[in-house]
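Working through the structure, step by step
Take a look at the letters that make up each chain.
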Amino acid sequence: MGTLSVNQNKLQKRLRRLAGEAITDYNMIEDGDKVMVCLSGGKDSYTMLDVLLHLQKVAPIKFEIVAVNMDQKQPGFPEHVLPAYLKELGVEYHIVEKDTYSVVKELVPEGKTTCSLCSRLRRGTLYTFADEIGATKMALGHHRDDIVETFFLNMFFNGALKGMPPKLRADDGRNVVIRPLAYCHEKDIQAYSDMKEFPIIPCNLCGSQENLQRQVVKEMLVEWERKHPGRTESIFRAMQNVAPSQLADRNLFDFNSLKIDENAAPRFLDVLNI
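Residues numbered from 1 in each chain as written. Predicted model: local features only at pLDDT ≥ 70, side-chain atom pairs only at ≥ 80, totals over all residues. Heavy atoms only, no water.

The name an unreviewed UniProt entry gives the protein is tRNA-cytidine(32) 2-sulfurtransferase, with Pseudomonas urmiensis as the organism. Within the UniProt record for the protein, the comment given under Subcellular location (unreviewed entry) is "Cytoplasm". (UniProt positions renumbered as here; feature names shortened; annotations may be inferred.)

This is how it looks when you write it as structure tokens:
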């Protein structure tokens, strides 16, 4: 690439700044960490790797970066693209081969969505590999819009108020997952990916799957944002500003013990004695 235009330079600086803020706010990367960057071949993970490589150069701490791609043996998967790209960058990388494609096709009935099972199989394999190579952090490319969409998916279809936290420890305690792009907007990531001309590899395991619930939620949020600009940002801020006593989770807040505080100041003054 040649010299960046003013707008391109602003975009690059914004993504780097937001990623840096998220990493700092949630203490995602510490001195001496070995960060396994999960690279799918999509715009998000390419952008994440690009940003982390920059931060590695300018951060006041030292940390390693290892790029890892999982080859799920999808028909027509261009196996040469990622190795060529990573070799050109000079980044240490591994390609993990695991035929989850056949498993998904065998277990998921024709016409049903495959993403849930596919992601579980992929996540389990990557967790195990992170442990094998001694990675202390596992970086995923989810952005702010992914996090908000997941929040609504869980609320609408699972009856739970939860999303994708910027930092998460796996249930078995063996892995810490980080999402450095948690503060970044998808539209900025798309623009940056187009600008950098990343060699995008589309996921053709699921095909188009237009009726995915996530797509329905995405369209809902896009429409909200069109009518009320800034609403998605406000929803994300709300996820950072939770008031347990104002919800209804008895495990999160002790409603049983609530009673009048006998020592509280009277609400009304005796104006005759003032």
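Bringing helix α6 (residues 144-157) into the picture now. Every α-helix winds through 3.6 residues per turn, so residues three or four apart in the chain are directed the same way. The end-to-end C-alpha separation of α6 is 20 Å, in line with the 20 Å expected for 14 residues at 1.5 Å each. Among the 14 residues in α6, eleven count as buried, and that is most of the element. Every buried residue of α6 is listed here: Arg144, Asp145, Asp146, Ile147, Val148, Glu149, Thr150, Phe151, Phe152, Leu153 and Asn154. In this fold, the buried residues of α6 make contact with α2 (43-58), α7 (186-196), α8 (213-227) and α9 (231-239). Two residues or fewer past α6, glycine 159 is found with a positive phi of approximately 60°. (Helix = DSSP H or I, 4+ residues; strand = E, 2+ residues; numbered from the N terminus. Expected span 1.5 Å × (residues − 1). Buried < 20%, exposed > 50% of the residue type's maximum accessible area, 1.4 Å probe, protein only. Contact = heavy atoms within 4.5 Å.)

Residue position: arginine 14 is located in helix α1 (residues 6-25). In this structure the C-alpha to C-alpha distance between arginine 14 and cysteine 184, which are 170 residues apart in sequence, comes to 8.5 Å.

For the rest of this paragraph, the subject is the packing of α1 against α2. Remark: α1 packs on α2, axes separated minimally by 10 Å, with the N-to-C direction vectors making an angle of 75°. Relative to α2, α1 is oriented roughly perpendicular. Contact residues: Leu15, Arg16, Ala19, Gly20 and Ile23 in α1; Thr47, Val51, Leu52, His54 and Leu55 in α2. Considering only residue class, the contact of α1 with α2 consists of six nonpolar, three polar and one charged. (Axes fitted to C-alpha atoms, helices over the stretch in contact; angles between N-to-C directions. Parallel < 35°, antiparallel > 145°, perpendicular 65-115°, else oblique. Nonpolar A, V, L, I, M, F, W, Y, C, P; charged D, E, K, R; others polar.)

Across a regular strand the side chains alternate sides, sitting on one face of the sheet and then on the other. The element strand β2 (residues 64-71) is largely enclosed, with a buried count of seven among its eight residues. Two elements, strand β1 (residues 34-38) and β2, share five bridges in a ladder whose sense is parallel. Directly across from cysteine 38, in β2, lies its bridge partner valine 68. This β-α-β element, β1 to α2 to β2, shows right-handed connectivity. In this structure, β2 lies alongside strand β3 (residues 93-97), joined through five bridges in parallel fashion. What sits directly across from alanine 67, in β3, is tyrosine 93. (Pairing = 2+ DSSP bridges. Right-handed = clockwise from strand over helix to strand, strands pointing away.)

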